[in-house]
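For reference, the chains in residue letters:
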Amino acid sequence: MTTTTVRPASPPVVTDPSITLRVRRASEDTNTVLWRDMIRTMRQPDMLAFAVVMGVFFLVLFNYVFGGAIGAVAGIDYLQYLLPGVLVISALQGAQQTSMGLASDFSEGVNERFRSLPMSQSAVISGRTIADAVRNIAGLVLVALVGILMGFRFASFGGAVAAIALATGIGYGFSWMGAAIAAKVRQPDMVGMLSMFWLFPLMLASTAFAPVQSMPGWLQPFVTYQPISAASDAVRGLANGVPTGDAIALTLIWIAVLLAIFVPVSVYLYKKVD
Amino acid sequence: MYIMSTKQPMSTASHEPVIDARELHKSFGNVEAVKSLSFSVEAGEVLGLLGPNGAGKTTTIKMLTTLTQIDGGQAAIGGFDVSTQPDVVRQMIGVAGQSAAVDEKLTARENLNLFGRLYKIPRAERQRRTEELIERFDLGDFADRPSSTYSGGERRRLDVVAALVANPPALFLDEPTTGLDPRSRAELWDTVRSLATEGTAIVLSTQYLEEADRLADKILLIDHGEVVAQGTPDALKANLDRNVLEIHLELESGVGDAQELLASEENAVADVEARRIDIHVGNDADRSLALLRRLQDGGISILKFQLREPTLDDVFLSLTGSPSTEIEESTK
Ligand SMILES: Nc1ncnc2c1ncn2[C@@H]1O[C@H](COP(=O)(O)OP(=O)(O)OP(=O)(O)O)[C@@H](O)[C@H]1O
Ligand SMILES: [Mg+2]
């Protein structure tokens, strides 16, 4: 094996990257994965359609079926109460899709390729969570438009933008939680089943659809402080032109807590091999 | 601080192995998939990993490519330890695993572009390389369709091509030709040989003796996670230079009688249910004729017979003295 011709150049090998180089590469990789996940999102419009249909389903179901009863307790026109909550719930559904998407990367085998490549492994998750946030924004705008057709009124354009941004933010926090679950479980059907366990309690035992006064006393402390309630209250305030600083602050704290826990946990679980 | 070497990490002039495995060991629960496997591959060399189902080929390749943890022993690529410096090792390897690892929603072009970007290949170079590979492996007809729509062989080709995007110094191909048609197989064989000529160190697993014979500079025959034999294809073949006389009998009861008549033959293997006897006869036609005549004279009625090349199973038989675990057609 002594006579060998020159191999065409392959990228130079970096043996001891500095922190700055590492960060730069991680963001390049995140960008690349984001590009890949955006293509996937466009090719699967049913994911977006599903999120919008769910949102509209909640709007119609709660507004016309339970609207009268709950509206009386809420003290405002029920649609004005309901739509912001539905925006938060739709964003939460987006987080579940992060979980499902990452699990299907495992089952399709493409994660095995990613693992053998000289890339930042965390980019696989950070790219996906950003792509899902982008899709969430599109979904939330569509749900809001349906709400407007049903008679909802945003107090101002700025309020609408802030409301959608905050809902997207809490969805982004939960996306990392969804990623951690998928990185641990790795099988799409298991991930789908598990998401029922966090999705429904957070969704139903919250102020998204009904005010806390309408719930049993023992449940009220949980309902009051849990992230989906905080976000629903905050988004409702922004959308109706009566922003509440406490709710907004609590929502931002929840987003920070979710990220502080689940960014490292999901990356750790994702990297693990047997 | 970081060091960026502008040269290839290993110069082809030195004889430092590019791929170096020492006493690799891996268990899954109480299954010992790989037990103490050692080998090395130099730049420009092709190592054929040959063995039946469950021999430990895939596990070995996964250990060397950072895809599974190494339980015992050490592995290095280009001098960098696989367990402790996986980030460096990943810059030097290309892998085509046994099952396809591509994005199903992306087209071939997009997949290759994606992996090229992650290898940090500059855009112009990446595009040139992608088009070259598409041309070379004839992916053009379906390069702009999502890979979920591909036939098995088309997806396999894309997966192998994905391993070649960065032209890495160490290449791992796990049964790369399984499911390929003869034309694609020939193309892949050419590519493997020319990559080796250019200085790539290649580990290639296969179940086909012919493939290992054509491509490999040396062969590692493994079974149950252990080396059964190793050497150049020629050396191994010298060991195997014997054809097999396969005799099919008319009656099940004839098998016992035949066995008695052939008691002096060391290499006769009888399968009663299949009413079949295999005997290693070498290239000696007279010997085959004599054996057949002996059976005929003994009153055994022969349905048909044939002289065939040794199969992988025969290799195991002659090298280990006992039949290997069953060799099935790979369905993957
Ligand atoms: N994740 C796992 N859990 C348990 N056992 C495993 C696992 N992976 C492999 N094994 C076992 O390890 C052994 C070696 O498997 P491996 O996949 O390396 O074989 P192989 O030589 O690639 O076979 P094939 O030709 O069928 O691809 C087998 O007995 C297999 O059942
Ligand atoms: Mg295998």
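Rules and cut-offs
- Residues numbered from 1 in each chain as written.
- Chains lettered and ligands numbered in written order.
- Predicted model: local features only at pLDDT ≥ 70, side-chain atom pairs only at ≥ 80, totals over all residues.
- Heavy atoms only, no water.
- Near = heavy atom within 4 Å.
- Polar contact = N/O pair within 3.5 Å; in protein donor to acceptor, adjacent residues only side chain to side chain.
- Areas by Shrake-Rupley, 256 points an atom, 1.4 Å probe, with all protein chains shown as cover.
- Helix = DSSP H or I, 4+ residues; strand = E, 2+ residues; numbered from the N terminus.
- Nonpolar A, V, L, I, M, F, W, Y, C, P; charged D, E, K, R; others polar.
- Contact = heavy atoms within 4.5 Å.
- Buried area = accessible area lost by both parts, 1.4 Å probe.
- Salt bridge = Lys/Arg side-chain N within 4 Å of Asp/Glu carboxyl O.
- Donors = N, O, S within 2.8 Å, 3.2 Å for Na, K, Ca; no water.
- Domains from an automatic or database assignment.
- Buried < 20%, exposed > 50% of the residue type's maximum accessible area, 1.4 Å probe, protein only.

To continue, consider the site of ligand 1. Residue and element names in this part refer to chain B. Around ligand 1 lies a shell of 14 residues, among which N53, G54, K57, T58 and T59 are the nearest. In the environment of ligand 1, an oxygen atom lies 2.6 Å from a nitrogen or oxygen atom belonging to the side chain of T58. Within the side chain of E175, a nitrogen or oxygen atom sits 3.1 Å from an oxygen atom of ligand 1. In the complex, 66% of the free accessible area of ligand 1, which totals 640 Å², lies under the protein chains. Elements represented by at least two residues in the shell around ligand 1 include exactly β3 (31–41) and α1 (57–64). In terms of residue count, α1 provides more of the shell around ligand 1 than any other element does, 3 residues in total. Residues of the shell around ligand 1, tallied by class, amount to 5 nonpolar, 7 polar and 2 charged.

Turning our eyes to something else, we now look at the interface of chain B and chain A. Each partner contributes to the interface: chain B provides 59 residues, whereas chain A provides 43 residues. The contact between chain B and chain A buries some 4,800 Å² in all, and 55% of this surface belongs to carbon and sulfur atoms. Three residues, K105, L118 and K120 of chain B, lead the burial of chain B against chain A; their summed loss comes to 14% of the area buried on that side. Along the contact surface separating chain B from chain A lie 6 salt bridges. With a shortest N-O distance of 2.5 Å, R36 of chain A and D103 of chain B are connected by a salt bridge. Summed over the shared surface of chain B and chain A, the number is 16 residue pairs in polar contact (both at pLDDT 80 or more). Sorting the residues of the side of chain B that touches chain A by element identifies β1 (4–5), β2 (19–28), β7 (93–96), α3 (108–118) and α5 (152–164) of chain B as the ones contributing at least two each. By residue number, the principal contributor to the side of chain B that touches chain A is α3 of chain B, which donates 6 residues. Taken together, the residues of the side of chain B that touches chain A sort by class into 27 nonpolar, 17 polar and 15 charged.

Turning our attention to the coordination of the magnesium ion (ligand 2). Taken together, T58 of chain B (OG1) and Q98 of chain B (OE1) make up the protein donors of the magnesium ion (ligand 2), found 1.8 to 2.1 Å from the metal. Placement of T58 of chain B in helix α1 and of Q98 of chain B in the loop between β7 and α3 is noted, with a sequence separation of 40 residues between them.

Right, let's get into the domain arrangement of chain B. For chain B, the domain assignment lists domain 1 (19–237) and domain 2 (243–309). The C-alpha centroid of domain 2 of chain B is placed 41 Å from the C-alpha centroid of domain 1 of chain B.

A few words on α3 of chain B. Side chains that are three or four residues apart share a direction in an α-helix, a result of its 3.6 residues per turn. Counting buried residues in α3 of chain B gives 9 out of 11 residues, a clear majority hidden from the surface. Residues A108, E110, N111, L112, N113, L114, F115, G116 and L118 of chain B constitute the buried set of α3 of chain B. Next to the buried residues of α3 of chain B lie α1 (19–43) and α4 (110–116) of chain A together with α4 (123–136) and α5 of chain B. Within two residues after α3 of chain B, K120 of chain B carries a phi angle of roughly 65 degrees, on the positive side.

Looking now at the pattern of salt bridges. One pass over the full model with this rule turns up 34 salt bridges over all chains. The partner of K57 of chain B in a salt bridge is E175 of chain B, with the nearest N and O atoms 3.9 Å apart. Linking K57 of chain B in helix α1 with E175 of chain B in the loop between β8 (170–174) and α6 (182–197), this pair joins segments that are 118 residues apart in sequence. For K57 of chain B, a relative accessible area of 4% translates into the label buried. Given the relative accessible area of 3%, E175 of chain B is considered buried. Put simply, R36, D37, R40, D105, E108 and R128 of chain A together with D103 of chain B are held in one network by salt bridges that share partners.

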